[in-house]
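# Structure assessment
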Amino acid sequence: MTYEDLVPVIRKLAIEAGAKIMEIYNSDDFDVKVKSDDSPVTEADEAADALISAGLRAAFPGVMLVTEEQAASHKERGDTFLIVDPLDGTKEFIHRRGDFTVNIALVENGVPTRGVVYAPARQRMFFTLADGSAVEETGSFDPETIGATRVIRVADSDNSALMVVASKSHRDQATDDYIGKYNVKDSKSAGSSLKFCLVATGEADIYPRVGRTMEWDTAAGHAVLAGAGGKVVRFDDHSLLKYGKEGYANPFFIAYAPAVELKEA
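Scope of this entry: the structure provided in the associated data block. The shown structure was predicted, so the numbers you read here are calculated from the model rather than taken from an experiment.

## A look at the overall build of the protein
The secondary structure content of the protein amounts to 6 helices and 16 strands. Computed over the C-alpha atoms, the radius of gyration of the protein is 17 Å, within 12% of the 18 Å expected from 2.2 N^0.38 for a compact globule of 265 residues. For the protein, the spread of C-alpha atoms along the three principal axes comes to 50 × 40 × 40 Å. A fraction of 62% describes how many contacts in the protein between residues 6 or more apart in sequence connect residues 24 or more apart. Accessible surface, the protein as shown: approximately 11,000 Å² in total, 47% of it carbon and sulfur. Of the side-chain charges in the protein, 29 are positive and 42 negative, and the distance between the mean point of each set is 3 Å.

## Quick word on the environment of Thr175
With respect to the helices and strands, the residue Thr175 is situated in helix α4 (residues 173-179). Take Thr175: its relative accessible area is 4%, and that puts it in the buried class. Along the chain, Thr175 and Arg114 lie 61 residues apart, while their C-alpha atoms are 28 Å from each other. Each residue touching Thr175, except ones within four places of it in the same chain, is listed here: Ala166, Pro208 and Val210.

## Quick notes on the pattern of salt bridges
Enumeration according to the criterion identifies 12 salt bridges in this entry. Notably, a salt bridge pairs Asp99 with Arg122, separated by 2.7 Å at the nearest N-O pair. Here Asp99 is found in the loop between α3 (90-94) and β5 (101-108), whereas its partner Arg122 is found in the loop between β6 (111-119) and β7 (124-128), with 23 residues between them in sequence. Residue classification places Asp99 among the buried positions, given a relative accessible area of 5%. The residue Glu136 makes a salt bridge to Arg150 at a minimum N-O spacing of 2.9 Å. Highlighted residues: Glu136 in strand β8 (residues 134-138) and Arg150 in strand β9 (residues 148-151), separated in sequence by 14 residues.

## Section: the environment of Ile52
Relative to the elements of secondary structure, Ile52 occurs in helix α2 (residues 43-59). Separated by 42 residues in the primary sequence, Ile52 and Ile10 place their C-alpha atoms 8.3 Å from one another. Excluding anything up to four places from it in sequence, Ile52 contacts Leu13, Ala17, Val84, Pro86, Val102 and Ile104.

## What about a negative patch on the surface?
Where like charges cluster on the molecular surface, the negative patch consists of Asp28, Asp29, Asp31 and Glu43. Here Asp31 is to be found in the loop between α1 (3-25) and β1 (32-34). Assessed through its relative accessible area of 55%, Asp31 is described here as exposed.

## So, the sheet that holds β6
Spatially, the 7 strands line up as an open sheet ordered β3-β4-β5-β6-β7-β8-β9, and their pairing is mixed. Looking at the sheet topology across the chains shown, the edges are occupied by β3 (64-67) and β9. Looking at each pair of strands side by side, their axes are set apart by 20° on average, direction ignored. Where β7 meets β8, 4 bridges bridge the pair, whose relative direction is antiparallel. Residue pairing across strands places Phe127 opposite Val135, the latter belonging to β8. Docked against the sheet, helix α6 (residues 215-227) engages β3, β4 (80-88), β5, β6, β7 and β8, running at close to 100° with respect to β6.

What counts and what doesn't
- Residues numbered from 1 in each chain as written.
- Predicted model: local features only at pLDDT ≥ 70, side-chain atom pairs only at ≥ 80, totals over all residues.
- Heavy atoms only, no water.
- Helix = DSSP H or I, 4+ residues; strand = E, 2+ residues; numbered from the N terminus.
- Rg over C-alpha atoms; globule rule 2.2 N^0.38 Å.
- Contact = heavy atoms within 4.5 Å.
- Areas by Shrake-Rupley, 256 points an atom, 1.4 Å probe, with all protein chains shown as cover.
- Lys, Arg positive; Asp, Glu negative; His and termini not counted.
- Charge placed at Lys NZ, Arg CZ, Asp CG, Glu CD.
- Buried < 20%, exposed > 50% of the residue type's maximum accessible area, 1.4 Å probe, protein only.
- Salt bridge = Lys/Arg side-chain N within 4 Å of Asp/Glu carboxyl O.
- Patch = residues over 30% accessible without salt bridge, like charges linked within 9 Å, V, L, I, M, F, W, Y side chains within 5 Å.
- Pairing = 2+ DSSP bridges.
- Axes fitted to C-alpha atoms, helices over the stretch in contact; angles between N-to-C directions.

In structure tokens form, the structure reads like this:
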């Protein structure tokens, strides 16, 4: 598997999964179930997962695959793996708020190196090219052909006037307390992995996450942000956030443009 092979495949699968998700999103009604960890899952999650998993296994049969919706895959361990959240932001989907994304990433030696984040209801798509740089695609999102793209880069942040992005569904006092340590010009809320992408494009400077996430929630956004010159570190000691951890659970973290002067937890 080369990066040149990988990128068109994950982009195409994200677009096709997004179309399937929007078909269900725009229907009159859809089923919502509750998983063992009390998180919701819809038929859109399951349909997108089936499409992406089949596509990745067909294209890259020898590569380990970890996906949120297949619990058996959470027991797999390896240095190199594809990791998928077919619908990040299920609560946003259920409430028809639009801030949900399709996420596919490649992790190598603990680092998300390539990825795609597609927000079909927002008509925004971000991905890494074969060389690792990050772009936003604009246009019709033809699954077979990459359309017009623009290179994205993090902001050269002004620490006296920072733009903060935080979770729409999970914002709490601990998050607000940490944000309060910075000189904030303004803050915005967004759902799902879009927050990484807003830092990647320079629309925000910092995204602190004081709450539970899993690696499939963050890997694709992390890859896009890294490709745009950004960083993701642990909240507690500011060491780089690593992947392939036992159980695929993340610690609290901070995603940011490197010009931001990080405050202690």
